[in-house]
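Spelled out from the first residue to the last, the chains are:
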Amino acid sequence: MRNITKNQTMLLLVVTLLMVIAYHEGEAIQCSQITMYLAPCLSYVKGGGNPPPPCCAGLNNLKASAPGKPDKQAACQCLKNVANAISGFNDDNAKQLPGKCGVSVGVPFSKSVDCNSIN
C-alpha cells in the first residue's frame, strides 16, 4: 500500500471544505465531520486488505452521529461526493468496509448509490 501523499491530503481537505460550504441547513451531521471520521479509511478503500482500527472507530462514530433518515441521507451524499472526487477509490473495497469492521452503519458506501432511497 502507498502512503497518503500531500496531493491526496490536499484533495481530501479541499473536498471537505467544499462539503462544508454546501452544507444544507437543518441537517444535524456535517460532511466535514463525516470526512474526519473516515479519513483513516482512505488507504483501505484505495488498496484493500484490512481496515486500520482508527477507520473502524470512525465508522462507529459515524453510526452514532447519523441515527435518523435525514442524517443517513446526508452522510450518504457526502460519502458519494467524496468517493467520486478521490482518484483510485475502489467501490468494492468501500462496500465491504462496514462488514470488515463489523459495523452496520445504515449508509451504503458506493459511488453510484441513490441516497434518497435510504430510510
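The rules behind the values
- Residues numbered from 1 in each chain as written.
- Predicted model: local features only at pLDDT ≥ 70, side-chain atom pairs only at ≥ 80, totals over all residues.
- Heavy atoms only, no water.
- Core = buried A, V, L, I, M, F, W, Y, C linked by side-chain atoms within 4.5 Å.
- Buried < 20%, exposed > 50% of the residue type's maximum accessible area, 1.4 Å probe, protein only.
- Helix = DSSP H or I, 4+ residues; strand = E, 2+ residues; numbered from the N terminus.
- Contact = heavy atoms within 4.5 Å.
- Disulfide = S-S within 2.5 Å.
- pLDDT = per-residue confidence, 0-100.
- Expected span 1.5 Å × (residues − 1).
- Arc of directions from axis to C-beta.
- Axes fitted to C-alpha atoms, helices over the stretch in contact; angles between N-to-C directions.
- Parallel < 35°, antiparallel > 145°, perpendicular 65-115°, else oblique.
- Nonpolar A, V, L, I, M, F, W, Y, C, P; charged D, E, K, R; others polar.

## Describing the nonpolar core
If you look at the biggest cluster of nonpolar residues, it comprises 33 residues, and the most contacted ones within it are Ile34, Leu38, Leu59, Leu62 and Phe109. For this core, the secondary structure elements donating two or more residues are α2 (31-38), α3 (42-47), α4 (53-65), α5 (69-85) and α6 (91-101). For Phe109, the residues in contact, after removing those within four places along its chain, are Leu38, Leu59, Leu62, Leu79, Asp91, Ala94, Lys95 and Pro98.

## A word on the state of the cysteines
Disulfides are covalent bonds that link the sulfur atoms of two cysteine residues. In this structure the tally under the stated criterion is 4 disulfides. Each disulfide pairs two cysteine sulfurs, and for Cys41 the partner residue is Cys55, the sulfurs being separated by 2.0 Å. Taking the torsion about the sulfur-sulfur bond, which here is approximately 105°, the covalent link between Cys41 and Cys55 counts as right-handed. On the criterion of sequence distance, the pair formed by Cys41 in the loop between α2 and α3 and Cys55 in helix α4 is long-range, its members being 14 residues apart. For Cys55, a relative accessible area of 0% puts it in the buried group.

## Quick word on the confidence of the model for the protein chain
In this model, the protein chain carries a mean pLDDT of 83, and residues with pLDDT of at least 70 account for 77%. Every residue in residues 21-25 scores below 50 in pLDDT, and together they form 3 contacts with partners more than four places removed in sequence or on other chains.

## Remarks on α4
Taking 1.5 Å as the rise per residue, α4 with 13 residues should run 18 Å; its terminal C-alpha atoms sit 18 Å apart, in good agreement. Looking at α4, one finds that the buried residues are Cys55, Cys56, Gly58, Leu59 and Leu62. Viewed along the axis of α4, the buried residues span an arc of 155°, placing them on a single side of the element. Turned more than 90 degrees away from the buried face of α4 sit Pro53 and Ala64, all of them exposed.

## A closer look at the packing of α4 against α6
The description of two helices packed together rests on the angle between their axes and the distance between the axes. Relative orientation of the contacting elements α4 and α6 amounts to 90°, with a least axis distance of 10 Å. Judged by the angle between their axes, α4 and α6 are roughly perpendicular. Of the residues in α6, those in contact with Cys55, Cys56 and Leu59 of α4 are Leu97, Pro98 and Cys101. Residues belonging to the contact of α4 with α6 are distributed by class as follows: 6 nonpolar, no polar and no charged.

## Some details on the packing of α2 against α4
Contact geometry of α2 with α4 gives a least axis separation of 7 Å together with a crossing angle of 150°. Judged by the angle between their axes, α2 and α4 are roughly antiparallel. Contact residues: Gln33, Ile34, Tyr37 and Leu38 in α2; Pro54, Cys55, Gly58, Leu59, Asn61, Leu62 and Ser65 in α4. A class-by-class count of the residues in the contact of α2 with α4 yields 7 nonpolar, 4 polar and no charged.

## Things to note about the environment of Gln96
Looking at the secondary structure, you find Gln96 in helix α6. For Gln96, a relative accessible area of 41% translates into the label partly exposed. Sequence separation between Gln96 and Phe109 is 13 residues; the distance between their C-alpha atoms is 8.3 Å.

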